[in-house]
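Listed below, chain by chain, are the residues.
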There are 2 protein chains.
Amino acid sequence: MGITSTENITRIEVNEEVSRFDVVDDVIVEYKLKLCVDGHDYGTILCSPEHLDNLVIGRLSSEGIIKTIDDIRSVNIDENQGIASVILNSERKPGLKHKIESGLSVKFEDILGLMKSLDARSTTFKKTGGVHGCALCDNEKIIAFDFDLGRHNAIDKIIGYAILNKVDLAKKIIAATCRISSEIISKIAQNGIPIISSRSAPTALAIKIARESGITLIGFAREKRMNIYSMPERVL
Amino acid sequence: MGITSTENITRIEVNEEVSRFDVVDDVIVEYKLKLCVDGHDYGTILCSPEHLDNLVIGRLSSEGIIKTIDDIRSVNIDENQGIASVILNSERKPGLKHKIESGLSVKFEDILGLMKSLDARSTTFKKTGGVHGCALCDNEKIIAFDFDLGRHNAIDKIIGYAILNKVDLAKKIIAATCRISSEIISKIAQNGIPIISSRSAPTALAIKIARESGITLIGFAREKRMNIYSMPERVL
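To start, this report covers the structure provided alongside it. These numbers were taken from a predicted model, which means no experiment stands behind them.

### Some details on the overall build of chain A
Looking only at helices and strands, chain A has six helices and twelve strands in total. In terms of overall dimensions, chain A is globule-like: its C-alpha atoms have a radius of gyration of 19 Å, near the 18 Å expected for 236 residues. Seen through its principal axes, chain A has C-alpha atoms that stretch 60 × 50 × 30 Å. The long-range fraction of contacts in chain A, counting pairs at least 24 apart against all pairs at least 6 apart in sequence, stands at 51%. Across chain A, 31 positive and 32 negative side-chain charges occur, with their mean positions spaced 6 Å apart.

Now the structure itself:
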């Protein structure tokens, strides 16, 4: 299934004259994925239909349902029906957020470099104007990139990737294009990630949670500037 | 309560030299409002803390819980506790979406004019980079404007305004800055609004729902162009 589809639309353009014509244009697909965990309904995710396994695993980790890939017996995704069925190895128990202890630090110019790489990867965003990009990074480069029409999903996909590939998130940086809300920063806290950097703004509640959790929260990270909202000592 | 707050942050700027300094900056507030209807928990809305009555009424209408203001006995909002308690006059019954029958039409230049007015009103967006603006319009002008950090909330606030003020939504246009997802267009359909125009992109599922519901869906409406994804005959 594609992440964009084509639609017949009408376009109006105003130049010296007004032109009105029919055209075929790309639009972003919004896919409904019903999530079932051990046979229980776990809600429906509206998402871009790619890397659905990463999305499901990341979502479960962000909600404290799993900690490692070993907590999962199986993930079965029926793309036609739009159903993801997960069987766990152990009883579900809500995870506890804890203060992040990480010795990770990063040079400011490396953050700006990562944001530039993120921009370069966000081609679907440019094409359809409809998705948020997100990258899992070490200090120098992007390790994995993903995107979704939902900000939450983009973050979950990249976290799911890390869990599937047993990447140690305590030594990684997330770079994102989207606004950082309380829900986004809670995912970062739940997964023990020490640094998140975004092109966009954080909310006041996200800043509060970042400070309480010991996360370095960077916003408006663009070509030549950034704002550091919490734990600035990790940025050299 | 303000819709922005100030935070002490660290800023890094790269010009001829690199400067790093502490600064007080505005950030967007994210407020938690718990919604109770007839004593039942109806979930928590993360929103900008302004026009909460409009937000609550619009949300109930968008979900088919109420049709007019007469369906509500009382709305009681405790801003300190973050709780909105609604008592209904009648039994809750889910509303049914129906095909929109509206004789409304609009000139394309009026749509472009409305989008320009919307941009001019979106000052908080420019200040903090964090909110979506939304306007209730007739063919010539903005009747009411609102915004929120959540796209869904901005739409609900403006719908709530219309219901409180008994505005006939079958003859109105919504102008928005945000992406049009299936959830947004469902709110438009549920409230019988014939035309929505956004600066941003719609999703494929939103286009499908707009076509099924008889809504004129306009996207990428900017200075000199627009895309019409459904019911273009309403745009002259």
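### Considerations on the packing of helix 4 (residues 151–164) of chain B against helix 5 (residues 182–190) of chain B
Residue and element names in this part refer to chain B. At a closest axis distance of 10 Å, the pairing of helix 4 and helix 5 adopts a crossing angle of 10°. As far as their axial angle goes, helix 5 and helix 4 are roughly parallel. Between helix 4, through Arg151, His152, Ile155, Asp156 and Ile159, and helix 5, the contact on the second element is made entirely by Glu183, Ile184, Lys187 and Ile188. Looking at the contact of helix 4 with helix 5 residue by residue, the class counts come to four nonpolar, one polar and four charged.

### Re the interface of chain A and chain B
When the parts of a complex come together, some accessible area is lost, and that lost area is often taken as the interface size. Facing the 48 residues of chain A at the interface are 48 residues of chain B. Of all residues in chain A, the largest losses of buried area upon contact with chain B belong to Ile12, Glu30 and Arg179 of chain A, amounting jointly to 15% of the total for that side. Those elements that place two or more of their residues in the side of chain A that touches chain B are strand 1 (4–14), strand 2 (18–28), helix 2 (108–121), helix 5 (182–190), helix 6 (204–213) and strand 12 (225–230) of chain A. Among the elements that make up the side of chain A that touches chain B, the one with the highest residue count is strand 1 of chain A (nine residues). Of the residues assigned to the side of chain A that touches chain B, the class counts are 24 nonpolar, eleven polar and 13 charged.

### Here we look at the sheet that holds strand 2 of chain A
An order of 2(A)-1(A)-12(B)-11(B)-10(B)-9(B)-7(B)-8(B) is seen for the eight strands of this open sheet, with the pairing classed as mixed. The outermost strands of the open sheet, each flanked by one partner alone, are strand 2 of chain A together with strand 8 (142–148) of chain B. Here the average twist between neighbouring strands, direction ignored, is 25°. Bridge count for strand 7 (residues 132–137) of chain B against strand 8 of chain B is six bridges, and the pairing is antiparallel. Opposite Leu136 of chain B, over in strand 8 of chain B, you have Ala144 of chain B as the bridge partner.

### Quick look at unusual backbone geometry
All names here are of chain A. Backbone geometry places Lys166, a non-glycine residue, at a positive phi of 50°. Structurally, Lys166 is set in the loop between helix 4 (151–164) and strand 9 (173–176). In this structure Lys166 comes out as exposed when scored by relative accessible area, which is 62%.

### What about the relation of the copies chain A and chain B?
Least-squares fitting of chain A to chain B yields an RMSD of 0.0 Å, with the superposition described by an axial translation of 0.0 Å and a rotation of 180°. Both copies of the chain, as the preceding transformation shows, are related through a two-fold rotation axis. Comparing interface residues between copies, 100% of those in chain A also lie at the interface in chain B; the contact surface is shared.

### Some remarks on the side chain of Ser198 of chain A
Residues and elements named next belong to chain A. By the secondary structure assignment, Ser198 is in strand 10 (residues 195–198). One polar contact links the side chain of Ser198 to the main-chain amide nitrogen of Ser200, over a distance of 2.9 Å. Apart from the residues lying within four places of it in its own chain, the contact partners of Ser198 are Met115, Ala176, Thr177, Cys178, Ile180, Ile218, Gly219, Phe220 and Ala221.

Thresholds applied
Residues numbered from 1 in each chain as written. Chains lettered and ligands numbered in written order. Predicted model: local features only at pLDDT ≥ 70, side-chain atom pairs only at ≥ 80, totals over all residues. Heavy atoms only, no water. Helix = DSSP H or I, 4+ residues; strand = E, 2+ residues; numbered from the N terminus. Rg over C-alpha atoms; globule rule 2.2 N^0.38 Å. Contact = heavy atoms within 4.5 Å. Lys, Arg positive; Asp, Glu negative; His and termini not counted. Charge placed at Lys NZ, Arg CZ, Asp CG, Glu CD. Axes fitted to C-alpha atoms, helices over the stretch in contact; angles between N-to-C directions. Parallel < 35°, antiparallel > 145°, perpendicular 65-115°, else oblique. Nonpolar A, V, L, I, M, F, W, Y, C, P; charged D, E, K, R; others polar. Buried area = accessible area lost by both parts, 1.4 Å probe. Pairing = 2+ DSSP bridges. Buried < 20%, exposed > 50% of the residue type's maximum accessible area, 1.4 Å probe, protein only. Least-squares fit on C-alpha atoms with pLDDT ≥ 70 in both. Polar contact = N/O pair within 3.5 Å; in protein donor to acceptor, adjacent residues only side chain to side chain.

Everything listed here is a matter of coordinates, which is why it stays silent on function.
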